[in-house]
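# Architecture and fold: a report
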Amino acid sequence: LAKTTQPISMDSYEGQEVNITCSHNNIATNDYITWYQQFPSQGPRFIIQGYKTKVTNEVASLFIPADRKSSTLSLPRVSLSDTAVYYCLVGPSGSGNTGKLIFGQGTTLQVKP
Amino acid sequence: GAVVSQHPSWVICKSGTSVKIECRSLDFQATTMFWYRQFPKQSLMLMATSNEGSKATYEQGVEKDKFLINHASLTLSTLTVTSAHPEDSSFYICSASGIYGYTFGSGTRLTVV
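None of these values were measured; they are calculated from a predicted model. Numbers given to residues run from 1 along each chain, matching the order in which its sequence is written. The order in which chains are written sets their letters, starting at A; the order in which ligands are written sets their numbers, starting at 1. For a predicted model such as this one, the threshold for reporting local features is a pLDDT of at least 70, and the threshold for listing and counting side-chain atom pairs is 80 or more; totals across whole chains, interfaces and linings nevertheless cover every residue. Calculation of side-chain values draws on the structure's entire complement of heavy atoms; hydrogens and water are dropped beforehand.

### A word on the overall build of chain A
Strands here mean DSSP runs of E at least two residues long; helices mean DSSP runs of H or I at least four residues long; both are numbered from the N terminus. Within chain A, the regular secondary structure consists of 0 helices and 9 strands. Counting from the amino terminus, chain A carries its helices and strands in the arrangement β-β-β-β-β-β-β-β-β. Throughout, the radius of gyration refers to the C-alpha atoms, and the reference size of a globule is 2.2 Å times the residue count to the power 0.38. Here chain A has a C-alpha radius of gyration of 13 Å; the compact-globule value for 113 residues is 13 Å, and the two agree. Its C-alpha atoms give chain A principal-axis dimensions of roughly 40 × 30 × 25 Å. Under the scheme applied here, a residue whose accessible area is under 20% of the maximum for its type counts as buried, over 50% as exposed, and between as partly exposed, the area being computed with a 1.4 Å probe on protein chains only. Buried positions account for 44% of the 113 residues belonging to chain A.

### What about the environment of Leu 74 of chain B?
Residue and element names in this part refer to chain B. Inspection of the secondary structure assignment puts Leu 74 in the loop between strand S7 (67-73) and strand S8 (76-81). Residue classification places Leu 74 among the partly exposed residues on the basis of a relative accessible area of 27%. Separated by 23 residues in the primary sequence, Leu 74 and Ser 97 have C-alpha atoms spaced 10 Å apart.

### Notes on the side chain of Thr 72 of chain A
Residues and elements named next belong to chain A. Along the chain, the position of Thr 72 falls in strand S7 (residues 70-75). Polar contacts involving the side chain of Thr 72 include one to the side chain of Thr 21, which spans 3.2 Å. Beyond its immediate chain neighbours, meaning those up to four positions away, Thr 72 contacts Asn 19, Ile 20, Thr 21, Ser 61, Leu 62 and Phe 63. For the purposes of these results, a polar contact is taken to be a pair of N or O atoms within 3.5 Å, where, inside protein, one atom must be able to donate a hydrogen and its partner to accept one; residues adjacent in sequence count only when each atom of the pair is a side-chain atom. Any pair of residues with heavy atoms lying within 4.5 Å of one another is described as a contacting pair.

### A look at the state of the cysteines
The criterion for a disulfide is a pair of cysteine sulfur atoms lying within 2.5 Å. Taken as a whole and judged by the stated rule, the model has 2 disulfides over all chains. In this model, Cys 22 of chain A is linked to Cys 88 of chain A through a disulfide, with the two sulfur atoms separated by 2.2 Å. Note on the Cys 22 of chain A and Cys 88 of chain A pair: the S-S dihedral is about -80°, so by sign convention the disulfide is left-handed. With a gap of 66 residues between them, Cys 22 of chain A in strand S2 (residues 18-23) and Cys 88 of chain A in strand S8 (residues 84-91) connect regions that are remote in the sequence. Taken as a pair, Cys 22 of chain A and Cys 88 of chain A share a single burial class, namely buried. Sulfur-sulfur distance for the disulfide between Cys 23 of chain B and Cys 94 of chain B comes to 2.0 Å. On the sign convention where negative means left-handed, the S-S torsion of about 80° between Cys 23 of chain B and Cys 94 of chain B marks this disulfide as right-handed. With a gap of 71 residues between them, Cys 23 of chain B in strand S3 (residues 19-25) and Cys 94 of chain B in strand S9 (residues 90-98) connect regions that are remote in the sequence. Relative accessible area serves as the criterion here: at 0%, Cys 23 of chain B is assigned to the buried category.

See the structure below:
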């Protein structure tokens, strides 16, 4: 299973764009990159998933370079409610397969007013 | 969307007693369910993987006789912490894998006194 490396913590201010980069040098050919958000005393919540290039949904964008050895989660115009821990995972997509997900240390994002 | 219900959300028990935690996939069939444990300010640690109708696969260092997992149907998995001790106090989170990918429960805060 590919190991991921993320910054332990990041600070930002309301209204700014936040980019969190994750390194996954040993990503396998069939691995997907998935980001989760976790608030205190809650289970992780899916944010976005991608395999290559760029993926965008209503809450975030995910940029994946051609070599797939890293990825960047982009949160546009963060608010105080985006203060949370963000996890980058590489592994099975989840849809139709049953491989296990291993969590790394995550990035604690603190959004300030 | 996919919903995983975890119950109870918190429980306090006396040392030496057993506690059962339920994890239900409400609107999809979960071929595989996962159990995680999370200590304060730490990441999620995978404890075991369970498939419906078969024995769970435990991660290295997790005592199978202490953490009993039953996955009797495609929508229900249970984790029983037997003879609980204060060091078992933690946040337990389940995840279910199905057609919607991986969905996490809201977690169970276990406090052993």
